[in-house]
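Here is how the chains run, residue by residue.
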There are 2 protein chains.
Amino acid sequence: MTATAPQFGRVAVVGIGLIGGSVACGLRSRGLATEVVGYDPHDAGVAQRLGLVDRMAASAEDALRGADLVVLAAPVAANCDWLRRIGEAPAGVLGPQAVITDVSSTKRSIADAAVRWLGARLPRFVASHPIAGSERQGPDAASSGLFEGNVALLCPASTSAADAVERVEMLWRALGARIGTMTAQRHDELFAAVSHWPHAVAFALSAALGSSALADEARRFSGAGLRDTTRIGASSPTLWADILLDNRDASLAAASAFRAELDAIEKALADGDRDRLAAALARGADWRRTL
Amino acid sequence: MTATAPQFGRVAVVGIGLIGGSVACGLRSRGLATEVVGYDPHDAGVAQRLGLVDRMAASAEDALRGADLVVLAAPVAANCDWLRRIGEAPAGVLGPQAVITDVSSTKRSIADAAVRWLGARLPRFVASHPIAGSERQGPDAASSGLFEGNVALLCPASTSAADAVERVEMLWRALGARIGTMTAQRHDELFAAVSHWPHAVAFALSAALGSSALADEARRFSGAGLRDTTRIGASSPTLWADILLDNRDASLAAASAFRAELDAIEKALADGDRDRLAAALARGADWRRTL
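What comes next concerns the included structure. The residue numbers shown here count from 1 along each chain, following its written sequence. To label them, take the chains in the order written and letter them from A, then take the ligands in the order written and number them from 1. Note on the predicted model: pLDDT of at least 70 is required for a residue's local features to be given, and 80 or more for side-chain atom pairs to be given and counted; whole-chain, interface and lining totals, by contrast, use all residues. Water and hydrogen atoms play no part in the side-chain values, which are based on all heavy atoms of the structure.

## Some details on the sheet that holds strand β7 (residues 151–155) of chain A
All names here are of chain A. A pair of strands is labelled paired if DSSP reports no fewer than 2 bridges between them. Comment: elements are numbered from the N terminus, with helices defined as DSSP H or I runs of at least four residues and strands as E runs of at least two. If you trace the three strands from one edge of the open sheet to the other, you get β6-β7-β8, paired in mixed fashion. Here the strands that pair on one side only, and so sit at the sheet edges, are β6 (127–130) and β8 (178–181). Each strand of the sheet is rotated relative to its neighbour by a mean of 25°, with strand direction disregarded. Judged from the four bridges that link them, β7 and β8 form a sheet pairing that is parallel. Of the residues in β8, the one forming a bridge with Val-151 is Arg-178. Running at roughly 135° to β7, helix α7 (residues 184–210) makes contact with β6 and β7 of the sheet. Simply put, an axis is a line fit to the C-alpha atoms, just over the touching stretch for a helix, and the angle between two N-to-C directions goes from 0 to 180 degrees. In what follows, residue pairs with any heavy atoms lying within 4.5 Å of each other are defined as contacts.

## Focus on the packing of α7 of chain A against helix α7 (residues 184–210) of chain B
At a minimum axis distance of 12 Å, the contact between α7 of chain A and α7 of chain B shows a crossing angle of 165°. When the axes of α7 of chain A and α7 of chain B are compared, the pair comes out roughly antiparallel. Along this stretch, α7 of chain A crosses α7 of chain B, giving a crossing that reads as right-handed. Side by side, α7 of chain A and α7 of chain B meet where Ala-193, Val-194, Pro-198, Val-201, Leu-205 and Leu-209 of chain A of the first sit next to Ala-193, Val-194, Pro-198, Val-201, Leu-205 and Leu-209 of chain B of the second. Class assignment of the residues belonging to the contact of α7 of chain A with α7 of chain B gives a composition of 12 nonpolar, no polar and no charged. Here the word oblique covers every angle except those under 35 degrees (roughly parallel), over 145 (roughly antiparallel) and from 65 to 115 (roughly perpendicular). Working rule for handedness: look at the near helix, and if it is turned counterclockwise from the far one by less than a right angle, call the crossing left-handed; if clockwise, right-handed. Classification convention: Asp, Glu, Lys, Arg as charged; Ala, Val, Leu, Ile, Met, Phe, Trp, Tyr, Cys, Pro as nonpolar; all other residues, Gly among them, as polar.

## So, the relation of the copies chain A and chain B
Note on the identical chains: chain A maps onto chain B by a rotation of 180° and an axial translation of 0.0 Å, with an RMSD of 0.0 Å. Such a combination of turn and shift is consistent with a two-fold rotation axis. Measuring from the rotation axis to each C-alpha of chain A, the shortest distance belongs to Thr-229 of chain A, at 2.0 Å. Both copies share a contact surface, since 100% of the interface residues of chain A are interface residues in chain B too. In superposing the copies, a least-squares fit is computed on C-alpha atoms, taking residues whose pLDDT is at least 70 in both.

## A word on the nonpolar core
Nonpolar cores were defined as sets of buried Ala, Val, Leu, Ile, Met, Phe, Trp, Tyr and Cys residues, with membership established by side-chain atoms within 4.5 Å. Burial here depends on accessible area, computed with a 1.4 Å probe over protein chains only, as a share of the maximum for the residue type. Under 20% is buried, over 50% is exposed, and the range in between is partly exposed. By size, the foremost hydrophobic cluster in this structure holds 140 residues, and its most contacted members are Trp-197 and Phe-258 of chain A together with Trp-197 and Phe-258 of chain B. In this structure Phe-258 of chain A touches Trp-197 and Val-201 of chain A together with Val-201, Ala-204, Leu-205, Ala-208, Phe-258 and Leu-262 of chain B, once residues within four positions along its chain are discounted.

## Some points on the interface of chain A and chain B
Taken together, the contact pairs 83 residues of chain A with 83 residues of chain B. When two parts are put together, the accessible area they lose, computed with a 1.4 Å probe and summed over both, is reported as buried area. A combined buried area of about 7,600 Å² lies between chain A and chain B, and 70% of that area is made up of carbon and sulfur atoms. Think of a salt bridge as a Lys or Arg side-chain nitrogen and an Asp or Glu carboxyl oxygen that are within 4 Å of each other. Counting every contact that joins chain A to chain B gives eight salt bridges. In this structure, Glu-266 of chain A engages Arg-259 of chain B in a salt bridge whose closest nitrogen and oxygen atoms are separated by 2.7 Å. Pairs of N or O atoms within 3.5 Å make up the polar contacts considered here, provided that, within protein, one atom can donate a hydrogen while the other can accept it, and that residues adjacent in sequence are counted only when both atoms are side-chain atoms. Counting the contacts that link chain A with chain B gives 29 residue pairs in polar contact (both at pLDDT 80 or more).

## Points about the environment of Gln-137 of chain A
Residue placement: Gln-137 of chain A occurs in the loop between β6 and β7. Since its relative accessible area comes to 46%, Gln-137 of chain A is described here as partly exposed. As a C-alpha pair, Gln-137 of chain A and Leu-18 of chain A span 119 residues in sequence and 5.3 Å in three-dimensional space. Among all residues touching Gln-137 of chain A, those that are not within four sequence positions of it are Leu-18 and Ser-236 of chain A together with Arg-289 of chain B.

## Regarding the pattern of salt bridges
Any two side chains of opposite charge can pair if their charged atoms end up close together. Counted according to the given criterion, the structure contains 44 salt bridges over all chains. Among the salt bridges present, the one from Asp-62 of chain A reaches Arg-55 of chain A, with a minimum N-O distance of 3.5 Å. For Asp-62 of chain A, a relative accessible area of 24% translates into the label partly exposed. Across the pair Glu-217 of chain B and Arg-186 of chain A runs a salt bridge whose closest N-O atoms are separated by 2.5 Å. Separated into two different chains, Glu-217 of chain B in helix α8 (residues 215–221) and Arg-186 of chain A in helix α7 make up a pair that spans both. Glu-217 of chain B sits in the buried class, given a relative accessible area of 14%. Through salt bridges with shared partners, a single ionic network connects Arg-10, Glu-35, Arg-55 and Asp-62 of chain A.

Taken by themselves, the reported measurements are silent on function.
What follows is the structure, given as structure tokens:
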């Protein structure tokens, strides 16, 4: 919203869904880039019509050409494949100083892909994960304010160049986010526990109701508690299948920790042991009340 | 908000917490009762200070005396004991036509207590459950609009008098709620699935995070998804221990249904079977998107 010169030249945003679309229109609405070029093989003109980008590129090469910053906002497997394309792109397409980041919900596989494919460009890659989202998807749900007041986590590798890290921090700060930093390994353990397995839980709660004889009454008579507890269970099943598979070991570890706590509650309930039951519930409430 | 005569005479509200306090001040602010008398053995003057009631009664007998309508809003075991007190009260304390209802989260035990204790008053009892609440508790959280736009479920027994059912329907409609009706048995099965076990799940998710090495980072870096999924995990552990124990069999059945769905997700993930995993998640999303 300032009249100063744009902080970025051409920015390529690959994948114009909720997150990519929000990055693109956030950059555009704040005048942060000289040009915001989108690319999305599934796009049917929506991004352009909604004004999320200055233009949509016709091909992968067209998207990357002359970019100052590349933001990979496709699903994680596609983002990894884009790192391969970037590593294999002819020298003239993307300048050697171009900074590359991603927005994937998991960070170890993209970090591995960067090592595998980027070669001399490896110092220019800085993984990031903006902690913002919605059970809604697609460019229609994008908004320029999505990241405001939220945290953007960066997972720079030891190979990442300091000036590239600064550029990616600048991106998220310009979009209104606060910066956090941790390793890709720690990130994936943490997000298995705070996001990936909780999504599985919300899907399972919803499925248990949907497949029961109570499905219709549950729809009519449930309250705000169930709506909140299951909200993320309305997310995309294929997107979350891919995230869980990409972070399988940490998600299974989070599943075990959750099951241990739920089993303790269930056993205390089956035993009719009020003190043990209240103590098991209090372990949760004590932590949740600090959130 | 009308200038017509109050629809109720003296209303006794027993237990002035979130729900009882909201019933009391909802009646008061709308001029629906000639007098709203509260009673709460734990009250330390808060209800009076907040203007939730016209006055607080000094004793159980004082609370019931001359009431046209009695609303039991204490925890369910205490409400059951109040039915005993009412059944045993001297004839002059509470008129024979006084209508009695409750707001307990479980309905079978209060229905059983009514049969056990109320004798000739049994037709005057109509169980109800307003589907409104909060992870917050106590009279400070009470509000006169708590029930507006929500459902109040009634579980009349075959013994309930038609005019008593009408009076209780009138109460909740006057407070802004829509009326639903089902048997106490069906109610408890339904609420085990849509509320009681989901609370256990939210407590367990919170406990798994709180007891992990990631507890501090989880607090700093989790997003709206986790906050929503665990919100009801900040509820009162003793209150929910009592609700779960009171509805033990149905809650354990809901636990089994949930575990079957979560196990299917976990096994598909462990097997690395994307199709099966996405299908298991889709079972949840399909239902949740209709909510």
